[in-house]
Structures are given as structure tokens and as C-alpha cells.
Amino acid sequence: MAGIINQTSKTTDGAQTSIVDGKQHILLLPAWLIIGVLLVIPVILMLVYSFLTQDFRGGVIWEFSLEAYDQFFFDRGLFGDEPPSIEWTYIGIFWRSFLQALFAMIFCFLIGFPTAYFIATRAPQSRSFWLFLVTIPYWVNLLIRTVSMKFLIRDNGPINTWLLSGGIIDEPISMINTNFAIQIGLFYSYLPFMVLPIYASIERYNFALSEAAADLYSSRWVTLFKIVIPSVKPGIIAGCILVFIPSLGAFLAPDLLGGAKNFMIGSLVEEQFKGQAGDWPFGAAVSMILLSIIMVILLFYARAQIRQNDGGH
Amino acid sequence: MRKFTTMLGAVALSMSFAQSAMAEKLTIYHWFEYIPQELLNKFTAETGIEVVMDTYDSNEALLANLKATGMGNYDVAVPGDYMVNIMRDEGMLDTFTPSELSNFSNIQDQWLNVSFDMGRQNSVPYQWGSTSFMVDREVYSGDIRTADIIFNPPAELKGKINILDTAGETLAFASLYMGIPQCSNDRSELKKLSAMLQEAKVNWASFNSDGAKDVLASGDAAAGMIWNGFGAKARAERASLEYSYPKEGYLVWADSVVLLKDAPNRDAALKFMDFLLEPENAAAVTNYARYTAGVKGVEEFLDAELVTSPENNPPADAPAGTFVEVCAPETQALYDAIWTQLKK
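Because the structure is predicted, anything quoted here is derived from the model rather than measured.

**As for the domain arrangement of chain A**
Next up, step 1: With domains assigned, chain A is organised as domain 1 (4-50) and domain 2 (87-278).
Next up, step 2: One C-alpha centre belongs to domain 1 of chain A, the other to domain 2 of chain A; they are set 33 Å apart.

**A look at the pattern of salt bridges**
Next up, step 1: The final tally for this structure, using the stated rule, is 20 salt bridges over all chains.
Next up, step 2: Among the salt bridges present, the one from D70 of chain A reaches R76 of chain A, with a minimum N-O distance of 2.6 Å.
Next up, step 3: On the basis of relative accessibility, which here comes to 30%, the residue R76 of chain A falls in the partly exposed class.
Next up, step 4: A salt bridge links D303 of chain B to R290 of chain B; the shortest N-O distance between them is 2.8 Å. With a gap of 13 residues between them, D303 of chain B in the loop between β12 (292-293) and α12 (304-308) and R290 of chain B in the loop between α11 (279-289) and β12 connect regions that are remote in the sequence.
Next up, step 5: Of the residues examined, D303 of chain B reaches a relative accessible area of 30% and is grouped as partly exposed.
Next up, step 6: Accessibility expressed as a relative area gives 13% for R290 of chain B, which makes it buried.

**With respect to the state of the cysteines**
Next up, step 1: Tallied over the full model, the rule gives one disulfide over all chains.
Next up, step 2: The disulfide partner of C183 of chain B is C327 of chain B, and the S-S distance across this bridge is 2.0 Å. As the torsion about the S-S bond is roughly -85°, the C183 of chain B-C327 of chain B disulfide counts as left-handed. Of this pair, C183 of chain B sits in the loop between α6 (167-178) and α7 (187-201) while C327 of chain B is found in the loop between β13 (322-323) and α13 (329-343), placing the two residues 144 residues apart along the sequence.
Next up, step 3: Given a relative accessible area of 6%, C327 of chain B falls into the buried group.
Next up, step 4: We note that C108 of chain A lacks a disulfide partner, and the nearest cysteine sulfur, in C240 of chain A, lies 9.0 Å from it.
Next up, step 5: The exposure class assigned to C240 of chain A is buried, which follows from its relative accessible area of 17%.

**Some points on the side chain of T331 of chain B**
Residues and elements named next belong to chain B.
Next up, step 1: With respect to the helices, strands and loops of the structure, T331 is situated in helix α13.
Next up, step 2: Taking the relative accessible area as the measure of exposure, T331 reaches 5% and is therefore buried.
Next up, step 3: Polar contacts involving the side chain of T331 include one to the side chain of N185, which spans 3.1 Å.
Next up, step 4: Excluding its chain neighbours within four sequence positions, the residues that come into contact with T331 are C183, S184 and N185.

**Examining the pairing of strand β1 (residues 25-31) of chain B**
Remember that side chains alternate between the two faces of the sheet whenever the strand is regular.
Residues and elements named next belong to chain B.
Next up, step 1: The element β1 is largely enclosed, with a buried count of six among its seven residues.
Next up, step 2: Pairing between β1 and strand β2 (residues 50-56): seven bridges, direction parallel. If you follow Y29 over to β2, its bridge partner there is D54.
Next up, step 3: Traced from β1 through helix α2 (residues 37-47) to β2, the parallel crossover comes out right-handed.
Next up, step 4: Of the strand pairs in this sheet, β1 and strand β3 (residues 76-77) are connected by two bridges, and their pairing is parallel. Each bridged residue has a counterpart across the sheet, and for Y29 the counterpart in β3 is A77.

**Examining the interface of chain B and chain A**
Next up, step 1: Listed as interface residues are 47 residues of chain B and, on the opposing side, 36 residues of chain A.
Next up, step 2: Between chain B and chain A lies a buried interface of about 3500 Å² when both sides are counted; carbon and sulfur atoms form 55% of it.
Next up, step 3: Across the chain B-chain A interface, the total number found is three salt bridges.
Next up, step 4: Where R154 of chain A meets D220 of chain B, a salt bridge forms, and the shortest distance between an N and an O atom there is 3.0 Å.
Next up, step 5: Applying the counting rule to chain B against chain A returns 16 residue pairs in polar contact (both at pLDDT 80 or more).
Next up, step 6: Per-element tally for the side of chain B that touches chain A: the top contributor is α13 of chain B, with eleven residues.
Next up, step 7: Its residues assigned to classes, the side of chain B that touches chain A comprises 23 nonpolar, ten polar and 14 charged.

**Considerations on a nonpolar patch on the surface**
Residue and element names in this part refer to chain A.
Next up, step 1: A cluster of nonpolar side chains, L28, W32, I35, L39, V40, V43, I44, V48, W62, L291 and M295, forms an exposed patch at the surface whose accessible area comes to about 1000 Å².
Next up, step 2: Sorting elements by how many residues they give to the nonpolar patch places helix α3 (residues 29-50) first, with seven residues.
Next up, step 3: By the element assignment, V48 lies in helix α3.
Next up, step 4: Taking relative accessible area as the criterion, V48 reaches 34% and is therefore assigned partly exposed.

**Considerations on the domain arrangement of chain B**
Residues and elements named next belong to chain B.
Next up, step 1: The domain architecture assigned to chain B consists of domain 1 (2-127 + 254-308) and domain 2 (129-251 + 314-343).
Next up, step 2: Here the C-alpha centre of domain 2 lies 27 Å away from the C-alpha centre of domain 1.
Next up, step 3: With 14 residues of domain 1 in contact, the opposing surface of domain 2 contributes 14 residues.
Next up, step 4: Summed over both sides, the interface of domain 1 with domain 2 buries roughly 1400 Å², with 60% coming from carbon and sulfur.
Next up, step 5: It is F32, Y82 and Y291 in domain 1 that bury the most area against domain 2; as a group they hold 34% of the surface buried on that side.
Next up, step 6: The interface formed by domain 1 and domain 2 holds one salt bridge in total.

Thresholds, definitions, all that
Residue indices follow the written sequence of each chain, beginning from 1 at its first position. Working convention: letters from A go to chains and numbers from 1 go to ligands, in the order in which they are written. Where totals are concerned, whole chains, interfaces and linings use all residues; where local detail is concerned, this predicted model gives features only for residues with pLDDT of at least 70, and gives and counts side-chain atom pairs only at 80 or more. To get the side-chain values, take all heavy atoms of the structure and skip hydrogens and water. An automatic or database domain assignment provides the domain bounds reported here. Take a side-chain nitrogen of Lys or Arg and a carboxyl oxygen of Asp or Glu: if they are within 4 Å of each other, that pair is a salt bridge. Buried residues are those whose accessible area, probed at 1.4 Å on protein chains only, stays under 20% of the maximum for their type, while exposed residues exceed 50% and partly exposed ones sit between those limits. Helix and strand assignments come from DSSP, with helices taken as H or I runs of at least 4 residues and strands as E runs of at least 2, each series counted from the N terminus. Cysteine sulfur atoms that pair up within 2.5 Å are treated as a disulfide. Polar contacts, as used here, are pairs of N or O atoms within 3.5 Å; protein pairs need one atom able to donate a hydrogen and one able to accept it. Residues neighboring in sequence count only if both atoms are side-chain atoms. We call two residues contacting when some pair of their heavy atoms lies within 4.5 Å. Here the rule is simple: two strands pair whenever DSSP picks up at least two bridges between them. Call a crossover right-handed when, viewed with both strands pointing away from you, the route from the first strand across the helix to the second goes clockwise. A quick way to say it: buried area is the sum, across both parts, of accessible area lost when two parts are put together, with a 1.4 Å probe. Here the nonpolar group is Ala, Val, Leu, Ile, Met, Phe, Trp, Tyr, Cys and Pro; Asp, Glu, Lys and Arg are the charged ones; every other residue, Gly included, is treated as polar. Here the term patch refers to residues with relative accessible area over 30% and no salt bridge, with like charges joined within 9 Å and nonpolar side chains (Val, Leu, Ile, Met, Phe, Trp, Tyr) within 5 Å. Computed with the Shrake-Rupley method and a 1.4 Å probe, the accessible areas treat only the protein chains shown as cover for residues.

Shown next as C-alpha cells:
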């Protein structure tokens, strides 16, 4: 790769050079096309649909309406004739999903950080082997992995059978259809999204800093919290975002492992489009509200980053 | 699981595209696990028409998908009784005349003039059956001829109950249990229904439709709502399961093969409907899905055990089954709200 770049740079063709130097935006064209067609247009479509009138049993009537947002925020009773009060149903569903995603993120970090640290501190030639091991389960489809997890933790599954036969427990531990099961599912689904970015950060970390800290009588814990973690923070934050956001919209784990007893944001939206309710504007509105919340969080994060960088210089 | 079935459909779709760019093609949209592959192969062998199948897991999912993707993609689908009405109202069905089907006279008399398709102008009968629940008799040996098992369960079954994750059938079943109309506008009735469900939910383990058989057969659930044929399959895997015909009433349904509007291959669709009205072929579906065919002369082709199976033969003193009703939009909104409250 380096050879090619050198060769091209030597040519006198200015345009060619600027492409290789990354100065021409034409290189981004494929990405922009894909984002534009597959992301921006669908999101705009959702935004428009969320302000339309619901057609009975799916579909929309092209008339402007705030009904969907009203339904989300205001409770007017089952028959719609009571004075409006705040609707806690959907806020509750959002809150549950956020908590669940937060816990998934924390568990992934607690396991993912030491794993990434371990891999990054192996001899360079064996690191790719360890990374390879981390990715092996992900060759299998997410659904298959989630169903296998269900088989594993059910009341008469291998884990309980083994514990029972070992005399460790007398009654099977009920794990299936609990929040614990959902957490296991999310954790298992998204762990590599935490490990890989943290690994990339730790790999670039200069371990001479740790040695310097040790020379200055810093304990291992102080070194970890004052030097290592601040240095690899971008990787940690990237990992947390990559785990948190998909966990927020996950519905495979809540459905299959959690027993689908309570709506999550993902299943609430699914029900609007696929279930009996057939309320497309409401489903679109829920998606737009979720999108807005995530954007606000990311904007705050970006601002904090910019401020920090400014302070650093 | 529903994603899985959709994906299987997608894979099948893409594979058959590759195979048969030239051959004549029939595209069907069908329930999961509802037709044996051998029967589709037989149809292809007899007619030379390739069959492509996508699957869905509820009548509502069928409707939602057809609404979202528009007509002209599928030739036939297999909605339940009330959904035939809804699809007709939505303008999704094409009509045919009896003379276009050479086996039209094979339709059983009781399924010829049905409320959802008088004289059969859009559909032919596929299979019919009931929706109720099963109980693992090793876990609970008391009386199971009551829907109390689901909505007010005995101690042995608490926390081990699976519910069908389909708002329409589950709410209708609950209404039968409470003895109130399915499309009620009465405030106190609806509030009672909602309160009863909230209380019952404490004892439920999961909501699952396409896994309804698996949770019972594996022992994850000791009682669960289920369709009778699916229940017969569950019993084949776990002999201690017993299907109940509760005294408060249970649901019956009749699935029909409908001719879809703008079918890409209307002729193939009619050939397929004719094919399914052959007693031997209708019996093949019944032997596979374990429900009951609406076609004359299937008896000689049926598995012997099906003729006497408890799931297909209600006891003499069981009440008659009830069809799911279609509510008016404003009433339906109330039931949607009750369902959301139940799962919030």
C-alpha cells in the first residue's frame, strides 16, 4: 500500500495526488450514497409518517396530525374523554429499555475491558489469534446464538441438569423469562463491540507510561485509573456507545429470553407495524422520539469532547 | 423465531430465483409450519410450476406486510376467517367463479356458505381448528375443563404459563372466560377485562406464539394457550400434555386459501387452489398440520390416530366453539389499549 502511494505521489498529475491524499471528497461518494439512500431517506419517511393520521389496521391517511405524539405524552383514559394527564406507560417502557441497555453496557465493560487489556498485552504475533477467538461465536447468526442460550439456561437445560446432578442445588434455578436472561442475551450479543474498540485503544497505549508511573511509586490501581483508563478513554466510550445503542432497540433477547412479557422500545415499535394495533404513525413517532434522545446524548458527548480537546491545547 | 421464519423464506426465495428464472412460478404467502414441503414438490411435479413460499406468524402480520409492500407480489395467502373479511374490505382479494375450479364441489357443505365468504367467491377452505390451551398432567392433575387454568391458575401452574402473543385471539379468549362480548363498548366490562388480565399476568411466564409448541414440549411451560393441531404435535413430543375444551368456551377458526388481487400468476393460483381441494392433498396437509380439512372425502387418506385424537374430537359435553369477531375501528382501539396496558 505504501509503495503504491509513493509511486502515485511522484506523478505530476495534481488531481491524482489530491485523491490519494484524501483531499477530494469524491472518495466519500459511495459512503454518502449509501447513507443517503439507506439511512436519510427512511428516517425522513419516518419523520413524515409520525405526523400523519392513522389508518385503521395499518397504513396512513395523508392528513397532518399530532395524534401520535399526543398518545405518547398524554393519558386521556381508556375512552379518551378524561382530562389529559401525563402518560407514564411509554415513558416507563423507555425507562426500562434504557436501564436494560445501561446494565448491558456496564457488564460488557466489566468483562470486555480486562479481556481487551489481556489481548493487547500479549506478544504481537499472538494477538490476532486471541482476537480471532473473540470473533468465533459471531460467525453464527444472532438468532441461533440467542436460541442456543435459551436451551442452555432453561429449567431442564444443561446448566440446571448439571448443577442438580452435582448436588449443588435441589431445585432448578429459574433463569429463563427473567431480566437476568435478557442481560445474558444482550451481553453475549454485544460483547465484541466493547472488546474491539478498547483493544484498538490499548494497543496504541504507550506502556512506558505505566512503567514511569511504577518508577514513581504509583500503585497498580492508581496507574490503571489515573493513566491507563484516561489514555484509552476514546476506545472505552466508543465501545460503550456501540453496546448501548443496539441494546436499546434490541428485541430478540427480550422476546426469546425474557418471555416478551413487557414491551421494550423495539417490541413496542414492532407491535405498531406488525401487530393488531397497526398504528404506523405512533410507531414512527416512538422511533423519532428514541432517535431524538440518542442524538441529544451524542451531541452532549461531542461537545464535552470538543471542550476537552480545546482545554488540552 | 418469527425473524427466523422470515429469513428462511427469504433464503428460499433467493434460491429459487436462481434456479428458475425461466420456469412458471407460483408465489404463496403462508403461515409457518403449515404445509409439508413434499406437497409443494408434488404440485411442482404435476404442473411444472415452481413454488416460492414466504411465511408469517399471525393474521395481523400477513395484513401488515401486504399493506406495506403492496399487492402484486404474491398469488395466494392463507388468512383466518375474520381476516378474509378484513382483506376483502381492504380490496386485497380477487374473485373467481366456481366453474374456474374443477374440484369446487369437493368443498364440504358446512364450509361452502360461510359468513366470511358466502358461496366462496374469493377463497377455498384450507384447514380449521380451535384455539384453547394445554396442560402438563404430570404437573397438574386436577380439573382442566376451565379457563381458570390460564386466568386464575392453581398453585402448581403459577409462573409456568405461556400465552399466545396475538392480541386478537388472546383477548377474545379472555372475553369468553369472563362471559362478555368480544367487541364490547361497555366501560365497566372493559375495565374488568383489563383488571382481570393484569392480575392473571402475574402468573404467566411468557408470551410466545410460534414457540407455543416448543415451550410446552420442552417443559418450560406447564400450561399454555395453543392451537389444537399445534397441540397435537406438542403431545407427540411430550405425552403428558392434554388439550382442554374449557366450559367457558373456546375459539374456533377456519383458514382459507384466498386469491390475491393483482396476483402475478392467477392461473397458477387457481391450479394450486384446485390442487388443495383434492382429498388426498387436503389430507396430506391435515396429516402434517394436525388440524381438520374442509374437503369432502379426506377420511380414507388420514392417519388413523388423527381420527380419534383428543385435540380434534371435543368431548360430547363441550360447548360449541366461537369465531373471533371483527370490531369497529373505535372499539378495536380500546382493545389495542388494553393489550398495551397488559404489556407495558
